[in-house]
Structure formats: C-alpha cells, structure tokens
Amino acid sequence: MAETGTDISFARGLLQKGDLVAVPTETVYGLAGNALNVDTVARIFEVKNRPSFDPLIVHIYDYSQLSKYTMNIPAQAERLAKEFWPGPLTLLLKKRSIIPDLVTSGLDTVGIRCPKHAMTQNLLKTLDFPLAAPSANPFGFVSPTKAGHVTEQLGSKIKYVLDGGPCTIGIESTIVGFENNKTVVHRLGGISVEQIESVVGDVELTTSPGVLKAPGQLKSHYSPAKKMFVADIERAIEMVDLQRVALLSFQKDHKATHQVILSPTGDLTEAAKNLFDALRRLDKMPVDLIIAEFVPDEGIGRAINDRLRRASAK
Ligand code: TXA
Ligand code: MG
C-alpha cells in the first residue's frame, strides 16, 4: 500500500529510480514519472489502465525549459505562458525528439505545463528530467483533489503519495493548441476562456463532448460509478424518490437527506475546488442516482459544466 507523506527527498529518490509518485498540483493530483524514461512512461499507462492512444502532459519547472522539449513556439504560446505559468494552462507544442513518442501517443505535439505547487516545483527544480503526469485516477474516473483520493484508487499500485493538501483550483488545466495562427482551446479548465482571450484575442473551441478532436476529449469521462444526470433540480425532485437520489447543487440548500452544495455563497472558484470531492462523496451515498445541476456558464463555470456533462454521459 502506498505511503502518504510530505518527504520531498524520498519522492525525488523514487522518481530518479524510475518509480512513480503521486504529486500535488494546483489542479489535481498527478501520477508522475520521468517523462524521458520509456519504461516509466509505460508504467504510467499501465497503472492508470489508460489506452495508449491518450497522450500524457509533461510538467516542467519554468518557461526557460520549454525550448529544450519543444520547438516552433508561436508568439501566442509565449504570451500565454508568460501570463499564466506557473498555473493551470497546458500548451500543445511541436515536440522535440527527446520526448518519447509513447508520451504523446505518436502525435508530433506535446502537452506541456508548469504546475503551481511548491512541493512539485521543488521536485521539478531539482530533477534533471521533466515529469509526465496524468491525473492520478484510473482512466475515465473522477480526478483526485486530495492525497486520500489517490490512495483510495491507486494505493495498491504505487509506493508514495506526496501529500500537498487539497488542490486549490480543483479542476484540470486548460489545454490550448495553435493551428494556422489560431489559438484553439482543446479542454476547458482552470484558466477561463475569457482569461485566454484577454491575452491572445478570440479563440476557437473544440471541446464539445462527442467531437473527438483531441484523443482525450472523450464524451464520457470524469465519471462516478453511479448513474448521474444533469437536470433542473427543482423540477427533478418533484418526480423522484428523494431517499434514493443524491443532489449536487451549485448554491441552493434543497434540505434533501443526500446532497452536496458546491458553494453556498455561489462562488464559482469555490465550486470548482469542491467539484471532484463532491462527486466522490455523492458516489458513496446510499442512493441509486445522482442528480446535478449546471452552474452559471461563465469563467471557470464553463469548465465545471464541461465536467458535469462528461461525468453524466454514460
Ligand atoms: O491539470 C492537469 O492538466 C493535470 C495535472 C496532473 O497536471 N493533468 C491531467 O492529465 O489532467 P490527464 O492525462 O488526465 O489529461 C491530459 C489530457 C488528455 O485528455 C490528453 O488527451 C490531452 O491532455 N493531451 C495531452 N497531450 C496532448 C496532445 N499532444 N494533443 C492533444 N491532447 C493532448
Ligand atoms: Mg485525467
């Protein structure tokens, strides 16, 4: 069973040996390993039970390392990195050959970002390789935002979970690519579309569920084990047996036996931070069904709604 702790040198030692360590980031916990070691990368896919067509994100210490692993960096990418790194933004850039093809599932671009968490920054600064790190959950399931979430699901498969406390953003990084001078958002996430547009102007979105442009944009993802619907809660609760249903509401207290409220004050940032933990808690309630409602579709709320849509698309 994985040990959980705050021993950065122990984590560093394991990573240097080619082992995997779950590490905290501001978005979600990552299942990290040496991105330049093919055996380590293969083990990441295996532990996550992840199909090899779904590429991994590479984590670097800071902007100065970018040109070591990528090339032909567009001006928009540079501006976005300078504005939002370290932070929840992943850039899709042409990879250099030092990045193994297994990391990118054979694509010629690599997803790359600088995470904003002191412990993981400390690791990245002292390691002489970048870290490949998908979210530390079995493929298709809810992402982990606390050390305990990782242990619950992957504890038997890894040696160490570096505990950096609850993730402050709570939703994955925004993934942005560049095609024919256009900036394209491939996954909604911790940096809002509005924030991206404030730096590079209008962007295109290829994030609608079901339109499989990026390998990871699967319709069903981030899913709890229980059946889940997104609906108008007020109307839905008139039609169901409330003993058998758990509610996920944005702000309103429905006085139901089984419910989680994402943010009683109606704060989208707080709602994002609580989302995945809420889905896990709802999944454990003694009910047959989870009914959630959408949050306001603005800022990080768009990323929350995206996750709700995918979590309910079984
Ligand atoms: O916030 C995050 O990004 C977290 C933390 C740990 O950094 N990581 C994360 O990784 O969410 P993962 O593997 O769970 O999701 C990465 C997504 C996948 O949907 C994958 O398909 C997409 O990024 N991706 C990675 N490289 C890509 C590429 N070259 N082209 C298109 N999509 C890519
Ligand atoms: Mg993931």
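Residues numbered from 1 in each chain as written. Chains lettered and ligands numbered in written order. Predicted model: local features only at pLDDT ≥ 70, side-chain atom pairs only at ≥ 80, totals over all residues. Heavy atoms only, no water.

Topic: helix α9 (residues 268-284)
Logical step 1: Taking 1.5 Å per residue, 17 residues should reach 24 Å; α9 reaches 24 Å between its end C-alpha atoms and fits that length.
Logical step 2: Where α9 is concerned, the buried positions are Leu268, Ala271, Ala272, Leu275, Phe276, Asp277, Ala278, Leu279, Arg280, Leu282 and Asp283.
Logical step 3: Its buried side turned inward, α9 meets α6 (147-154), β13 (227-230), β14 (245-249), β15 (259-261), β16 (289-292) and α10 (301-311). (Helix = DSSP H or I, 4+ residues; strand = E, 2+ residues; numbered from the N terminus. Expected span 1.5 Å × (residues − 1). Buried < 20%, exposed > 50% of the residue type's maximum accessible area, 1.4 Å probe, protein only. Contact = heavy atoms within 4.5 Å.)

As for the domain arrangement of the protein
Logical step 1: Here the protein is described as being made up of domain 1 (3-205) and domain 2 (227-312).
Logical step 2: Taking only C-alpha atoms into account, the centre of domain 1 sits 27 Å from that of domain 2.
Logical step 3: Listed as interface residues are 24 residues of domain 1 and, on the opposing side, 17 residues of domain 2.
Logical step 4: Roughly 1,700 Å² of surface becomes buried between domain 1 and domain 2 when both sides are summed, with 53% attributable to carbon and sulfur atoms.
Logical step 5: It is Val142, Ile171 and Leu188 that lose the most area in domain 1 upon contact with domain 2, and together they represent 32% of the buried surface on that side.
Logical step 6: Linking domain 1 with domain 2 are 3 salt bridges.
Logical step 7: Here Arg307 and Glu172 are joined by a salt bridge, their closest N and O atoms 2.9 Å apart.
Logical step 8: Across the domain 1-domain 2 interface, the total number found is 10 residue pairs in polar contact (both at pLDDT 80 or more).
Logical step 9: Counting residues per element, the ones that place at least two in the side of domain 1 that touches domain 2 are α6 and α7 (193-200).
Logical step 10: The element that contributes the greatest number of residues to the side of domain 1 that touches domain 2 is α6, accounting for 3 residues. (Domains from an automatic or database assignment. Buried area = accessible area lost by both parts, 1.4 Å probe. Salt bridge = Lys/Arg side-chain N within 4 Å of Asp/Glu carboxyl O. Polar contact = N/O pair within 3.5 Å; in protein donor to acceptor, adjacent residues only side chain to side chain.)

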